[in-house]
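So the chains spell out like this:
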Amino acid sequence: MSLRGLDRSFILLSGLAVLLIVTMLAIIVGNVVWHGWEPISWEFLSGAPRMGMTEGGIFPAIFGTVLLVLLMTIFVVPLGVCVAIYFSEYANRQSWLYRWTRQAVNNLAGVPSIVFGLFGLGFFVQFVGGWVDQQFYEGKLTYGQPAILWAALTMAVLTLPVVIVSVEEALRSVPQSYREASYALGATRTQTVFRVVLPQALAGVLTGGILAVSRGAGEVAPILFVGAAYYLPELPKRLNDQFMELGYHIYVLATQSPDVEATKSLLYATVLVLLALTFLLNLTAITIRARLRVTGGLR
Amino acid sequence: MTIVEAATFRIVGHSLRRQAMELVVQALIYLAALVAISLILLIFVFVGRQALPVLISPAVHEEVTLGELFLPQEYGTSEVPLRYVWQPVSVDPKYSLMPLFLGTLKVTLVAMLLATPLAILAAIYTTEFAPGWLRETIKPVVEMLAGIPSVVLGFFALIVLATWMQERFGFDYRLNAITAGVALALAVLPILYTVAEDALGAVPRSYRQAALALGASPWQTAWTVVLPSALPGVFAGVVLGFGRAIGETMIVLMASGNAAITSWEFAEPVRTLSATIAAELAEVVFGSPHYHVLFFIGLLLFAVTFVLNWTGARLVDRLRRRLAGVER
C-alpha cells in the first residue's frame, strides 16, 4: 500500500472510532426509547407503584427526585457562585488560599460518588443529625437518620464543582472593560461584582445550576445510605422524611425485583423518564452555553 | 450643629456604612472559599473517623486485623488452600480485601483497554481531520454520553449487554468482569476524550505547519508530531479516567455479578471495592467491625482517586507550561 493509502486508512480508522462512539450512544438511547415508550402513560407518570412494583406508576420517585434536586440547588448554587466569584474576582493568584481552594475543588470533582455516600452518612446523618437530636429533640431520633435533607446536602457537595466551573467560566468571559468602567464611575468592588459582572454572567449561573441538577438527578450511589427508600406509601412531607428516587428506583427494579420479566416494561419506562430528564437538562445547558458563545455579547 | 457639619457627618456615616458592607461581602466570599477547602477535609476526616478503628481498635482487631485484610491466610484445608476470602457475614467472618482489589483491577483494566484507544483515536480525528460542522456535532454527542446517569448504563449492561455478550462470546456467567468493563468503558470514555481533545487542540498550529512543510503526511503529522506534543495531556486523561473507573459504583454493582472470587479469569463474576460498600453498608450493624472495614475501603478509594486526580492535574499543568509561549 502506498504511503498515501496507508495515511488514508489510518484517518479512516480514527473516523471509525468517532462513528463507534456515536453508534453506541444511539444504540443505548434507541433501545431505551424503543422499549420504554409504550408503557408510558398518564397513569404511569402520576400513579404510585402497585402489585410489588409490577404495575402502577412512578410518581413518588419523580416527586422525590424533583424535591431532592430543588433542595440541593438551594444549597449548592449560592455557595458555588460565591466560590466562583472568589476565583474570578477576589483571589490573588499567588496566595495560598487560592491555590488550596483550587486544589480542593479539583479534588472534590474526582471523589468517587460512593465515598460521598459514606461522607453523607458519617457527617450529615450521624454527626450533624445526631447533634441536632441532642440539642433540640432531647436525644429522640429525629434528624439523626437518613432523610431527604441529608441526601440533598450530600448531593450539593457532590455537584459543587460543576456549579463553580460553569459560573467561573461565565465570570471570566465578562470583559475587563466592564469592571474598569464600573470602577471609574466610583462603584466599589462589591457593587461592581454584584451589579455589573454577575448580571452579565447570569447565563453561566443558570447553566451551572442546570448541569448540577442533571448530575444530581442521575447519581444514585451517594444517596444509597442517606435517605433513598425502596418503597414508601406516602410522599415526603418533612425535611427528615425518607424519599423515593428515580435512579434508585431503577436500581431496585433491575436488581431486587422477584420477577424481572414482569417489571421489565415498567423498568424501561422509568429509565426512559430519567434519561429524558437528564438529556433535556443537559441539552438546555449546552444550548445556553452555545448561544452565549455565538452571540458573543459577553466577549 | 451647622449645616456643613451635618452634611459631613452624613457623608462620613454613609461611606463608613459602605465600607462595612464592603468588608462583610468580602468576608462572605472568602468564607465560601474556606468552606470549599473544608469540605474536602471533612470528607477525609469523617470517612477516616469511621475507618480508624480498623487500625487501632482492639475490639475490631478481635475480629479482623490489618494482616487479615492484606496478607494471605490459611482459611482452607491443606488440600484446598484458601488464602484470600471476603466473607464478612458468616459465623467466622473473613475480611481479605484481595478479591476486591483484584475484581476492581480486572474491571478497570477492561474498561481502560477499550476506552483509551477509542477516545484517543476519536480525539485525533476530531481535532485533526474532522470538518468544522462535524466537530461541532461530536462534542455535544460526547457530552450527551457523559450525561447518561451511571445507573442507566448499569441497567443497560445488566438487561441488554450481558445477554448479548453471553450469546456472542459464550461466557459461562452472564455477569462478569468483561461485561461490566465494557459498560464502564462507556462511562470513562467522555472524560478521556474531553481531556485528550483539549490537549490536542492546545498544540500550536505552527507545529503542524512545520511538519507538513517538511513533507509529512497528514496522519504522520497527527501521529508523530501533534500527539507526542500533547502527550502529558493525553496521559492526564488516562489517569483521570482511571480514577473515575476505580470509583464508579452503580455500573459494577449492577453488571459485575458481585462474587468475591480471587482469580485472574476475566469471564468470571467479580466484586469491586465500590460495589462492596454499596451492597453491604445498608445492612451492616452500626459500629461493628464490618461497618468500620467498609469505611476503611472507602478511605482507600478516596486516597487512591485523590492521588490519581492530583497526578492528572499536574500533567495538565506540565502540558500547559510546555506549550506556553509558542506562537499559535
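Residues numbered from 1 in each chain as written. Chains lettered and ligands numbered in written order. Predicted model: local features only at pLDDT ≥ 70, side-chain atom pairs only at ≥ 80, totals over all residues. Heavy atoms only, no water.

**Brief notes about the overall build of chain B**
And step 1. Scanning chain B from terminus to terminus reveals 14 helices and 2 strands.
And step 2. In terms of overall dimensions, chain B is more spread out than a globule: its C-alpha atoms have a radius of gyration of 27 Å, far above the 20 Å expected for 328 residues.
And step 3. By its C-alpha atoms, chain B is 100 × 70 × 35 Å across when sized along the principal axes.
And step 4. In chain B, which comprises 328 residues, the share counted as buried stands at 52%.
And step 5. Put simply, of all contacts in chain B between residues at least 6 apart along the chain, 72% involve residues at least 24 apart.
And step 6. Surface summary for chain B: the accessible area is close to 15,400 Å², and the carbon and sulfur share equals 66%. (Helix = DSSP H or I, 4+ residues; strand = E, 2+ residues; numbered from the N terminus. Rg over C-alpha atoms; globule rule 2.2 N^0.38 Å. Buried < 20%, exposed > 50% of the residue type's maximum accessible area, 1.4 Å probe, protein only. Contact = heavy atoms within 4.5 Å. Areas by Shrake-Rupley, 256 points an atom, 1.4 Å probe, with all protein chains shown as cover.)

**Focus: the overall build of chain A**
And step 1. If you tally the helices and strands in chain A, you get 11 helices and 2 strands.
And step 2. Beginning at the N terminus, the succession of helices and strands in chain A can be written as α-α-β-β-α-α-α-α-α-α-α-α-α.
And step 3. Buried residues in chain A amount to 55% of all 299 residues.
And step 4. Across chain A, the fraction of contacts at a sequence separation of at least 24, relative to all contacts at a separation of at least 6, is 73%.
And step 5. Working note: accessible area of chain A is about 13,600 Å², and carbon and sulfur atoms make up 65% of it.
And step 6. Charge separation in chain A, taken as the distance between the mean sites of 19 positive and 16 negative side-chain charges, equals 15 Å. (Lys, Arg positive; Asp, Glu negative; His and termini not counted. Charge placed at Lys NZ, Arg CZ, Asp CG, Glu CD.)

**Comments concerning the interface of chain A and chain B**
And step 1. Counting residues at the interface gives 78 residues for chain A and 69 residues for chain B.
And step 2. In total, chain A and chain B occlude about 6,700 Å² of area from one another, counting both sides; carbon and sulfur atoms represent 81% of this.
And step 3. For the chain A face of the interface with chain B, the top three residues by lost area are Ile21(A), Ile28(A) and Leu118(A), together amounting to 9%.
And step 4. Our enumeration of links across chain A and chain B arrives at 0 salt bridges.
And step 5. Across the contact surface, chain A and chain B share 9 residue pairs in polar contact (both at pLDDT 80 or more). (Buried area = accessible area lost by both parts, 1.4 Å probe. Salt bridge = Lys/Arg side-chain N within 4 Å of Asp/Glu carboxyl O. Polar contact = N/O pair within 3.5 Å; in protein donor to acceptor, adjacent residues only side chain to side chain.)

**Description of the layout of surface pockets**
And step 1. Space inside the second largest pocket adds up to approximately 470 Å³.
And step 2. Where the lining of the second largest pocket is concerned, the elements lending two or more residues are α1 (3–36) of chain A together with α5 (98–129), α7 (150–169) and α8 (177–201) of chain B. (1 Å grid on protein atoms, 1.4 Å probe; cavity = no way out; pocket = protein on both sides within 12 Å on 5 of 7 lines; lining within 4 Å. Points joined across faces, edges and corners; volume = space filled by probe spheres on them.)

**A short note on a positive patch on the surface**
All names here are of chain B.
And step 1. Side chains of Arg314, Arg318, Arg321 and Arg322 sit close together on the surface and give a patch of like positive charge.
And step 2. Checked against the element boundaries, Arg322 lands in helix α14 (residues 289–323).
And step 3. You can call Arg322 partly exposed: its relative accessible area is 46%. (Patch = residues over 30% accessible without salt bridge, like charges linked within 9 Å, V, L, I, M, F, W, Y side chains within 5 Å.)

**Quick notes on the side chain of Asp7(A)**
And step 1. Within the element layout of this structure, Asp7(A) appears in helix α1.
And step 2. Arg8(A) provides the closest opposite charge to the buried, salt-bridge-free Asp7(A), at an N-O distance of 7.0 Å.
And step 3. Residue contacts for Asp7(A): discarding those within four places in its chain leaves Ser217(B), Pro218(B), Trp219(B) and Gln220(B).

**Focus on the packing of α7(B) against α8(B)**
Residue and element names in this part refer to chain B.
And step 1. At their nearest, the axes of α7 and α8 sit 9 Å apart, and the two run at 135 degrees to each other. By the angle between their axes, α7 is oblique relative to α8. When the axes of α7 and α8 are compared, the crossing they make is right-handed. Residues Leu153, Ala157, Leu161, Ala162 and Met165 of α7 form the contact with α8, whose own contacting residues are Ile178, Thr179, Val182, Ala183, Leu186 and Ala187.
And step 2. Among the residues forming the contact of α7 with α8, the class breakdown is 10 nonpolar, 1 polar and no charged. (Axes fitted to C-alpha atoms, helices over the stretch in contact; angles between N-to-C directions. Parallel < 35°, antiparallel > 145°, perpendicular 65-115°, else oblique. Left-handed = near helix turned anticlockwise from the far one by under 90°. Nonpolar A, V, L, I, M, F, W, Y, C, P; charged D, E, K, R; others polar.)

**Overview of a nonpolar patch on the surface**
And step 1. Residues Leu6(A), Phe10(A), Leu12(A), Leu13(A), Leu16(A) and Leu19(A) make up a contiguous nonpolar surface patch of about 550 Å² in total accessible area.
And step 2. When you line up the elements, Phe10(A) lands in helix α1.

**A look at the confidence of the model for chain B**
And step 1. Overall, the prediction assigns chain B a mean pLDDT of 87, with 94% of residues at 70 or greater.
And step 2. For chain B, per-element mean pLDDT is lowest for helix α4 (residues 66–70) of chain B, which scores 77, and highest for α5(B), which scores 93. (pLDDT = per-residue confidence, 0-100.)

**Quick look at the packing of aromatic side chains**
And step 1. In the structure shown here, the tally under the stated rule is 30 aromatic pairs over all chains.
And step 2. Ring geometry for Phe59(A) versus Phe63(A): centroids 6.0 Å apart, planes at 45 degrees, classification tilted. Of this pair, Phe59(A) and Phe63(A) both sit in helix α3 (residues 59–90), 4 residues apart, which is roughly one turn of the helix.
And step 3. Looking at Phe63(A), the relative accessible area reads 27%, which means it is partly exposed.
And step 4. Measuring from ring centre to ring centre gives 5.7 Å for Phe87(A) and Tyr98(A), while their planes differ by 80 degrees; the resulting arrangement is edge-to-face. Of this pair, Phe87(A) sits in helix α3 while Tyr98(A) sits in helix α4 (residues 96–110); the two residues are 11 residues apart in sequence, bridging distant segments of the chain.
And step 5. Residue class for Phe87(A) comes out buried when judged on its relative accessible area of 1%.
And step 6. One aromatic cluster in this structure is built from Phe119(A), Phe123(A), Phe124(A), Phe127(A), Tyr137(A), Tyr143(A), Trp150(A) and Phe46(B). (Phe/Tyr/Trp six-rings, centres within 6.5 Å; stacked < 30°, edge-to-face > 60°.)

**Description of the pattern of salt bridges**
And step 1. Taken as a whole and judged by the stated rule, the model has 9 salt bridges over all chains.
And step 2. A salt bridge links Arg238(A) to Asp241(A); its shortest N-O distance comes to 3.5 Å.
And step 3. You can call Arg238(A) exposed: its relative accessible area is 55%.
And step 4. Arg271(B) is the partner of Glu280(B) in a salt bridge, and the nearest nitrogen-oxygen pair spans 2.8 Å. The same class applies to Glu280(B) as to Arg271(B), namely buried.

**Regarding the packing of helix α6 (residues 148–172) of chain A against helix α9 (residues 202–218) of chain A**
All names here are of chain A.
And step 1. Between α6 and α9, the least distance of the axes is 8 Å, while the angle of their chain directions is 155 degrees. Accordingly, the angle class assigned to the pair α6 and α9 is roughly antiparallel. Here α6 runs over α9; the crossing is right-handed. For the pair formed by α6 and α9, the contact residues are Met155, Leu158, Thr159, Val162, Val163, Ser166, Val167 and Ala170 on the first element and Gly204, Val205, Thr207, Gly208, Leu211, Ala212, Arg215 and Gly216 on the second.

**As for α9(A)**
And step 1. Along its 17 residues, α9(A) runs 25 Å from first to last C-alpha, staying within 8% of the 24 Å computed at 1.5 Å per residue.
And step 2. Burial runs high along α9(A): 14 of the 17 residues are buried. (Expected span 1.5 Å × (residues − 1).)

**A few points about the domain arrangement of chain B**
Residues and elements named next belong to chain B.
And step 1. Domain boundaries assigned for chain B yield domain 1 (3–51) and domain 2 (94–323).
And step 2. The centre of domain 1, based on its C-alpha atoms, is set 41 Å off from the matching centre of domain 2.
And step 3. At the boundary of domain 1 with domain 2, total buried surface from both sides reaches about 690 Å², with 79% on carbon and sulfur atoms.
And step 4. On the domain 1 side of the interface with domain 2, the three residues burying the most area are Val47, Gln50 and Ala51, jointly 65% of the side's total.
And step 5. At the boundary of domain 1 with domain 2, the tally comes to 0 salt bridges.
And step 6. At the junction of domain 1 with domain 2, the criterion picks out 1 residue pair in polar contact (both at pLDDT 80 or more).
And step 7. Grouping the constituent residues of the side of domain 1 that touches domain 2 by class yields 6 nonpolar, 2 polar and no charged. (Domains from an automatic or database assignment.)

**A few points about the side chain of Asn309(B)**
And step 1. For Asn309(B), the position within the fold is in helix α14.
And step 2. Aside from chain neighbours lying at most four places away, what touches Asn309(B) is Asn107(A), Gly110(A), Val111(A) and Leu240(B).

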